[in-house]
Amino acid sequence: MRAFFVFIRASFFCPLTDWRRIMSELTIPYEETEIYKVRHSLAHIMAQAVSELFEPGEAKIAIGPPIDTGFYYDFELPRQLTPEDFKGIEKRMRQIIGGKHPFEKRIVTAEEAKAEFAGQEFKIDLIEGLEAGGVDEYGEPLEGDVEISFYTHDTFTDLCRGPHVEHTGQINPSAFKIMSIAGAYWRGDEKNAQLQRVYGTGWKNKDELKAHIQMLEEAKKRDHRKLGRELDLFSFDEEVGPGLPLWTPRGTVIIDELEKLAKEVERRHGYKQVRTPHLTKEDLFIRSGHLPYYAEGMYPPMELDGSNYYVKPMNCPFHHKIFASSHRSYRDLPLRLGEYGTCYRYEKSGELFGLMRVRSMQMNDAHIYVSEAQFEEEFMDVIDIYKEYFELFGIEKYVMQLSLHAADGLGKKYVDNEALWIKTEGMVRQAMINGGVPFVEEKDEAAFYGPKIDVQIWSAIGREFSLATNQVDFAVPERFDLTFVNAEGEEETPLCIHRAPLSTHERMVGFLIEHYAGKFPVWLSPEHVRVIPITDAHADYAKKLADDLYNQGFRAEADLGDKRMNAKIRDAQKMQVPYMLVVGDAEVENGTVSLRKRDGSQQDGLPVAEFTAMLKEKVETRSPEL
RNA sequence: GCCACCAUAGCUCAGCUGGUAGAGCAACCGCCUUGUAAGCGGUAGGUCAUCGGUUCGACUCCGAUUGGUGGCUCCA
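Keep in mind it's a predicted model, so treat the numbers as computed, not measured.

Remarks on the overall build of chain A
Scanning chain A from terminus to terminus reveals 20 helices and 31 strands. Taken over the C-alpha atoms alone, chain A extends approximately 90 × 70 × 55 Å along its principal axes. Residue burial in chain A is summarised as follows: out of 626 residues, 52% are buried. Counting contacts in chain A only where the partners sit at least 6 residues apart, residues at least 24 apart contribute 71% of the total. For chain A, the exposed surface amounts to about 29300 Å²; the carbon and sulfur share of it is 49%. Within chain A, one finds 77 positive and 104 negative side-chain charges whose respective centroids are separated by 4 Å.

Written as structure tokens, this is what we have:
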């Protein structure tokens with residue numbers, strides 16, 4: 001499982017279809033590839049170089065695996081490393097590589113291992129994990145007989161199961177680079193010591209390294225935080241607060257278009273829209289389970305008239321109350337209640353990330369109440385909505401993940417009913433298999449009330465996020481005493497599907513900015529058309545053109561400033577306006593426009609009516625074409 | 001929240017080892033009247049994030065706070 005997953009992560013810059021193809025045709029796991037060995041070996045070499053910066057025994061080494069584009073190693077050191085150390089570390093690594101030291105494997109007993117690593121508390125911890133429970137460096141159980149092995153190259157020995165290159169000379173000394181330092185908790189647990197993690201990138205050759213670094217620079221250019229400012233879509237203000245975005249008129253257009261789309265789709269799928277308050281008494285969140293299970297994600301309460309009130313982190317309890325507000329029959333089901341409600345979550349300060357992770361968010365939310373018999377069909381109808389959206393947006397690079405509970409979280413972060421967890425997880429798994437939808441499984445990723453299908457995507461800089469989500473709730477309807485009368489005249493508790501195929505407006509827009517690199521399809525563009533007069537003499541014609549388009553419902557503006565036409569075109573290009581209409585003597589005389597598209601193509605003498613018809617068609621069909 | 005780093009005009013950035021600030025773009029005002037990605041000139045704009053300390057003197061050194069960045073943890 002782990003290997004499979006690492007492999008998926010390894011290919012986050014390739015379209016989904018690539019790893020599937022690679023998986024099926026080559027069937028070589030990442031761990032058996034040459035580059036994996038190179039990166040793994042680089043991690044050891046780096047650990048040696050870093051250790052040598054200090055007196056023997058002073059540097060405590062933890063773990064150092066290969067990752068998707070390179071490797072890292074975690075250390076506990078007498079002082080903080082800084083980027084100034086990188087050059088020296090790299091230089092020493094090149095020396096070690098040049099020494100052509102063989103990697104020698106040795107199988108040892110736990111006692112020998114502990115003796116070798118006396119004073120190295122993290123290694124001792126690992127050895128004890130291997131010895132006692134057969135637990136790997138991530139704390140996950142290992143299968144089969146566990147052997148403890150060492151790999152030694154030059155003067156450096158590490159506890160390691162390999163594999164490695166045969167000798168350090170097989171590594172290209174000009175195809176790696178130390179990238180950054182970051183904090184990381186031992187065994188990934190925030191209760192443990194925080195270590196210094198040094199990240200490096202490693203490749204087959206210099207060209208691959210160069211290509212990778214270039215790709216990182218390209219990715220930075222499409223970072224939604226940068227484009228959001230450049231395209232004037234949203235901003236943050238220190239006085240307003242972290243994670244609380246301010247949407248400008250241009251950004252709001254995109255949100256409005258997404259809502260319009262969602263309402264159309266949901267109308268077609270039988271949803272009804274509802275509206276609920278942002279605030280509620282704590283009683284509601286006690287009943288829903290949010291206060292017992294989700295309190296740390298919530299803003300603290302405010303006291304009013306002797307009651308505690310909370311701002312909502314989710315819309316579901318309100319929708320449950322709407323379900324409960326009248327007597328429900330099986331004939332009412334599935335009951336689909338949609339609301340793009342604004343929620344507030346107290347995300348830890350360090351977790352905030354542009355629009356992708358905010359504290360105030362508008363969910364593309366709906367709750368669907370179904371009988372167990374209706375579950376599969378309805379759940380898959382939601383998956384169909386996902387697919388419809390992803391096709392519309394041309395999103396290909398995603399992974400559907402079945403997020404499961406973990407037994408040790410029962411009663412803490414998960415509702416304490418393991419039998420029901422296992423049952424509903426099986427229902428979701430079977431529905432996905434029956435629907436022929438590929439997915440991966442991850443433990444300990446569920447919502448507190450049930451398992452879910454999350455759609456994982458990656459931001460421009462490679463950080464992973466859940467975009468859409470489709471969740472089953474087997475617990476909360478019962479807490480709310482929700483029932484419907486079934487065909488036999490008996491009271492029955494419904495299941496609830498929580499779903500957000502368009503994620504939150506914030507994350508969706510953030511994602512789309514990066515997905516399109518700011519070049520939105522016409523229907524999503526904050527400005528459809530900019531009319532550019534060649535001289536002042538054409539200003540009236542330009543203004544009338546823009547007004548006419550505006551009055552027909554399009555987002556059109558005329559640029560009547562005193563800049564030259566060339567500069568105005570440049571301005572419109574930089575804002576990624578899809579259509580520029582340049583008008584001069586010829587156009588005024590003939591009632592035409594010169595159409596310049598964002599891609600630089602040009603069409604002269606186009607009758608206004610023809611342009612308008614084309615624009616209308618592009619917008620109404622939500623065409624991906626320019 | 002944790003570890004590290006960063007913070008100069010709306011934006012992008014200069015400012016040497018402490019002697020109280022500069023450029024380009026944007027904005028505004030003129031001139032030019034222009035054919036598909038920057039015409040020319042001028043004006044204005046900064047308690048150098050905030051607060052405190054060291055110093056004769058702080059944008060520069062130190063501390064705290066706020067906000068951001070890279071990770072970790074967490075997540076729509």
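Observations concerning the pattern of salt bridges
Within this structure, the stated rule accounts for 35 salt bridges. The shortest N-O distance in the salt bridge between Glu-230 and Lys-226 comes to 3.2 Å. Highlighted residues: Glu-230 and Lys-226, both in helix α8 (residues 224-230), separated by four residues, approximately one helical turn. Here Lys-423 makes a salt bridge to Glu-372, at a shortest N to O gap of 3.1 Å. Residue Lys-423 is located in helix α14 (residues 418-435), and its partner Glu-372 is located in helix α13 (residues 372-393); the two are separated by 51 residues in the primary sequence. Ionic contacts of the salt-bridge type, sharing partners, join the residues Glu-52, Arg-92 and Asp-154 into one network.

Examining the protein's contact with RNA strand B
The full set close to RNA strand B counts 55 residues, and Tyr-185, Gln-194, Arg-357, Arg-564 and Ser-594 are the nearest of them. Take Ser-503: an N or O atom from its side chain is 2.5 Å from a sugar or linking oxygen of RNA strand B. One of the side-chain N or O atoms of Asp-604 is found 3.2 Å from a base oxygen in RNA strand B. Among the residues making up the surface near RNA strand B, the classes are represented as 17 nonpolar, 16 polar and 22 charged.

Observations regarding the sheet that holds strand β14 (residues 307-311)
A sheet is described by the order of its strands in space; here three strands give the open sequence β12-β14-β13, paired in antiparallel fashion. Because the sheet does not close on itself, it has two edges, and the strands there are β12 (279-281) and β13 (302-304). Geometrically, the sheet is characterised by an average inter-axis angle of 40 degrees between neighbouring strands, direction not taken into account. In this structure, β13 lies alongside β14, joined through three bridges in antiparallel fashion. Across the sheet, the residue bridging to Leu-304 is Ser-307, located in β14.

A few points about the domain arrangement of chain A
Splitting chain A by domain gives domain 1 (33-212), domain 2 (228-516) and domain 3 (522-620). Computed over C-alpha atoms only, the centres of domain 2 and domain 3 are separated by 41 Å. Facing 14 residues of domain 2, the contacting portion of domain 3 comprises 11 residues. Of the roughly 940 Å² buried where domain 2 meets domain 3, counting both sides, 69% is carbon and sulfur surface. Put simply, domain 2 and domain 3 have two salt bridges between them. Across the pair Glu-527 and Arg-250 runs a salt bridge, and its minimum N-O distance is 2.8 Å. Linking domain 2 to domain 3 there are two residue pairs in polar contact (both at pLDDT 80 or more). At the level of secondary structure, the elements contributing two or more residues to the side of domain 2 that touches domain 3 comprise α9 (249-268), α13 and α16 (505-516). With six residues, α9 is the single largest residue contributor to the side of domain 2 that touches domain 3.

Some remarks on the packing of helix α17 (residues 539-551) against helix α20 (residues 608-620)
Two elements in contact, α17 and α20, have axes separated by 12 Å at closest approach and are oriented at 35 degrees. Note that α17 runs across α20; the crossing there is right-handed. Across the interface between the two elements, Tyr-541, Leu-545 and Leu-549 from α17 touch Val-608, Phe-611, Thr-612 and Leu-615 from α20. Here the residues of the contact of α17 with α20 are counted per class, giving six nonpolar, one polar and no charged.

Regarding the sheet that holds strand β15 (residues 328-329)
Here three strands make up an open sheet; going across it, the order is β15-β24-β25 and the pairing mixed. Two strands in the sheet have a free side with no partner beyond their single neighbour: β15 and β25 (491-492). Across two bridges, strand β24 (residues 484-485) lies against β25 in antiparallel orientation. Note on β25: the bridge partner recorded for Val-485 is Glu-491.

A short note on the state of the cysteines
Under the defined criterion, the tally for this structure stands at zero disulfides. In this model Cys-316 remains outside any disulfide bridge; the closest cysteine sulfur is found in Cys-496, 7.1 Å from its own. Of the cysteine sulfurs around Cys-343, a residue in no disulfide, the closest is that of Cys-316, at 8.1 Å. Residue classification places Cys-343 among the buried residues on the basis of a relative accessible area of 0%.

Regarding the side chain of Arg-345
Assignment of secondary structure puts Arg-345 in the loop between β17 (342-344) and β18 (360-362). A distance of 2.9 Å separates the side chain of Arg-345 from the backbone oxygen of Pro-313, its partner in a polar contact. For Arg-345, the residues in contact, after removing those within four places along its chain, are Tyr-294, Gly-297, Tyr-299, Pro-313, Met-314, Arg-359, Met-361 and Met-363.

Concerning the environment of Asp-158
With respect to the secondary-structure elements, Asp-158 resides in strand β6 (residues 156-159). With a relative accessible area of 2%, Asp-158 lands in the buried category. Note: C-alpha distance between Asp-158 and Ala-62 (96 residues apart in sequence) is 9.7 Å. Here Asp-158 is in contact with His-44, Ile-61, Tyr-73, Phe-117, Lys-123, Ser-149, Phe-150 and Tyr-151, once residues within four sequence places are set aside.

Definitions and limits used
Residues numbered from 1 in each chain as written. Chains lettered and ligands numbered in written order. Predicted model: local features only at pLDDT ≥ 70, side-chain atom pairs only at ≥ 80, totals over all residues. Heavy atoms only, no water. Helix = DSSP H or I, 4+ residues; strand = E, 2+ residues; numbered from the N terminus. Buried < 20%, exposed > 50% of the residue type's maximum accessible area, 1.4 Å probe, protein only. Contact = heavy atoms within 4.5 Å. Areas by Shrake-Rupley, 256 points an atom, 1.4 Å probe, with all protein chains shown as cover. Lys, Arg positive; Asp, Glu negative; His and termini not counted. Charge placed at Lys NZ, Arg CZ, Asp CG, Glu CD. Salt bridge = Lys/Arg side-chain N within 4 Å of Asp/Glu carboxyl O. Near = heavy atom within 4 Å. Polar contact = N/O pair within 3.5 Å; in protein donor to acceptor, adjacent residues only side chain to side chain. Nonpolar A, V, L, I, M, F, W, Y, C, P; charged D, E, K, R; others polar. Pairing = 2+ DSSP bridges. Axes fitted to C-alpha atoms, helices over the stretch in contact; angles between N-to-C directions. Domains from an automatic or database assignment. Buried area = accessible area lost by both parts, 1.4 Å probe. Left-handed = near helix turned anticlockwise from the far one by under 90°. Disulfide = S-S within 2.5 Å.

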